[in-house]
Protein chains: 2
Amino acid sequence: MARIAGSSGPRTEEAIRRAGLRLIATHGYAAMSLRQLAAEVGIQQGSLYNYFRNKQEFLFDLIRGHMLDLHAALDAALLAEGSADARLTRFTEFHVAYHVERPQEVFICYSELRSLEPDNLAAVVAMRRDYERKLGDILDHGRATGEFRLADTRMATLAILAMLSGICTWYKPGGRLSTDGLQEIFTGMVLALARGGATETVAVRPRRREALRAGIG
Amino acid sequence: MARIAGSSGPRTEEAIRRAGLRLIATHGYAAMSLRQLAAEVGIQQGSLYNYFRNKQEFLFDLIRGHMLDLHAALDAALLAEGSADARLTRFTEFHVAYHVERPQEVFICYSELRSLEPDNLAAVVAMRRDYERKLGDILDHGRATGEFRLADTRMATLAILAMLSGICTWYKPGGRLSTDGLQEIFTGMVLALARGGATETVAVRPRRREALRAGIG
DNA sequence: GTCTATAGCTAGATAGAC
DNA sequence: GTCTATCTAGCTATAGAC
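Residues numbered from 1 in each chain as written. Chains lettered and ligands numbered in written order. Predicted model: local features only at pLDDT ≥ 70, side-chain atom pairs only at ≥ 80, totals over all residues. Heavy atoms only, no water.

You'll find chain A entered in an unreviewed UniProt entry as TetR/AcrR family transcriptional regulator, with Methylobacterium terricola given as the organism.

Written out as structure tokens, the structure reads:
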């Protein structure tokens, strides 16, 4: 907040990054003014242009940088071998931990895709597809080995990612559950979802799916 | 798009509502200008103020109206009696159908909470809690009867809602799956998640949850 | 209810001194 | 690298004629 006297490149750059993450996560990219951002950092608005060419480039740098980090960290965490069960467990634990550690970046990566210009959006979407594919591969493998019983692995991929990514919309440090606790609970739910089955033994599943639409419009 | 000559209150009102939904869902509330909105409707920007007092009130009306519809439709769809299994199935089918029918409203209700002023936000959050509680009650009931095996029903509530609500981020009419197909697939996944268990019989679950954090920072 | 016109303000971006 | 000053454009909201 306080003004930093003199020239201090790298420190200012990092301060801008952090303030930008916070402001965009809180108010959204379009609602964040560069004057706000500069004030948060403790510099004048014009000085920001020593760190990016325009506001859009700033957003893209934030998102792209995060996606690169995410991919690198995932690759380091994933198991090359092992049962689909073990691999899905590892994926889930990684994903949960990452969302708990960096909720702002993750949230922005989902919520501000709409604010990216077409070329920038295309680049990010491609990276996101790669990430989805890594989960999709695990699910496909599990279905092939019979470990998982999934009606549709593509839908399961989207469902699991949405379920896990939802964490960053409500997680606050210091809450009821620790990272370990969250990992355990979410791993349990994801595995149960993937293993599916066990259904027939419990009850006859009601299959009537009548026209709920009628109650909606 | 085309200019509608003369006075036409109710038609204009509905046109504004629809255009607003589309623009906010696509570009976001802060990024949508009232000039854009007026152009989409085919009137002049100043004329919008015959339909709301200011931009914030417009957003709040959209979100609040949708939440009221959602609650009414849910109450009509839910089962008062029956097994937790049947009730959860019904809830899921309803939720999926609603999201497929009105993806824009639903998306805005999640993504534009940040754009609501404090009082308006509080009102919407309260309505959202009611909705969550209806799902939470089903899960609690299922756990009490032994139908469901959930480590944490609050987390399960959030997980299921995130999973289902994610639909509105990728669903497009005319896609691979029909509403019925989506209902069946998601009902299967939600029930599997809620029933949990069946785990011990499949494989020894790897419990190591080592410091993945190290690979993140 | 719609129009035209405009007030009053804030936005992103640039220029040039230090 | 930071500052001050400013340009141009866009925004929300209002006033008053029809």
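Still to come is the rest of the account.
Enquirer: Would you mind showing me how to read empty space enclosed by the protein here?
Expert: Where empty space is left becomes clear once a probe the size of a water molecule has been rolled over the atoms. Evaluated as defined, the whole model comprises four cavities of 30 Å³ or more. Put simply, the largest cavity is a space of about 150 Å³. For the largest cavity, the lining is made up of 19 residues, of which Gly28(A), Glu112(A), Arg114(A), Glu112(B) and Arg114(B) are closest to its centre. Grouping the amino acids of the lining of the largest cavity by side-chain chemistry returns seven nonpolar, eight polar and four charged. Estimated volume of the second largest cavity: approximately 130 Å³. (1 Å grid on protein atoms, 1.4 Å probe; cavity = no way out; pocket = protein on both sides within 12 Å on 5 of 7 lines; lining within 4 Å. Points joined across faces, edges and corners; volume = space filled by probe spheres on them. Nonpolar A, V, L, I, M, F, W, Y, C, P; charged D, E, K, R; others polar.)

Enquirer: Looking at this structure, how should I read the environment of Tyr51(A)?
Expert: All names here are of chain A. Tracing the chain through its elements places Tyr51 in the loop between α2 (34–41) and α3 (55–77). Apart from the residues within four sequence positions on either side, Tyr51 is in contact with Ser8, Gly9, Thr12, Glu13 and Ile16. A polar side-chain atom of Tyr51 sits 3.5 Å from the main-chain carbonyl oxygen of Gly9. (Helix = DSSP H or I, 4+ residues; strand = E, 2+ residues; numbered from the N terminus. Contact = heavy atoms within 4.5 Å. Polar contact = N/O pair within 3.5 Å; in protein donor to acceptor, adjacent residues only side chain to side chain.)

Enquirer: I'm lost on the state of the cysteines in this one. Help?
Expert: Chemically, a disulfide is nothing more than a covalent bond linking the sulfur atoms of two cysteines. Residue and element names in this part refer to chain A. A complete count under the given rule lists zero disulfides over all chains for this structure. We note that Cys109 lacks a disulfide partner, and the nearest cysteine sulfur, in Cys168, lies 9.5 Å from it. Taking the relative accessible area as the measure of exposure, Cys109 reaches 9% and is therefore buried. (Disulfide = S-S within 2.5 Å. Buried < 20%, exposed > 50% of the residue type's maximum accessible area, 1.4 Å probe, protein only.)

Enquirer: Explain the UniProt feature "DNA-binding region" (unreviewed entry) in chain A here, please?
Expert: On the UniProt side, "DNA-binding region" (unreviewed entry) is annotated at positions that read residues 33–52 of chain A here. Regarding residues 33–52 of chain A, the helix share stands at 40% and the strand share at 0%, and the terminal C-alpha atoms are separated by 14 Å. (UniProt positions renumbered as here; feature names shortened; annotations may be inferred.)

Enquirer: Please clarify how the pattern of salt bridges should be interpreted in this entry.
Expert: Pairing is possible between side chains of opposite charge, provided their charged atoms come close. For the coordinates displayed, the defined rule picks out 28 salt bridges over all chains. Arg195(A) is paired through a salt bridge with Asp85(A); the nearest N and O atoms lie 2.3 Å apart. Of this pair, Arg195(A) sits in helix α9 (residues 179–195) while Asp85(A) sits in helix α4 (residues 84–101), and the two are 110 residues apart along the sequence. The class for Asp85(A) is buried, based on a relative accessible area of 1%. Measuring nitrogen to oxygen at the nearest pair gives 2.9 Å for the salt bridge that ties Asp75(B) to Lys134(B). You can see Asp75(B) sitting in helix α3 (residues 55–77) and its partner Lys134(B) sitting in helix α6 (residues 118–145), a full 59 residues away along the chain. For Asp75(B), a relative accessible area of 47% corresponds to the partly exposed category. The network of salt bridges with common partners includes Glu14(A), Arg17(A), Arg18(A), Asp69(A), Arg102(A) and Glu105(A). (Salt bridge = Lys/Arg side-chain N within 4 Å of Asp/Glu carboxyl O.)

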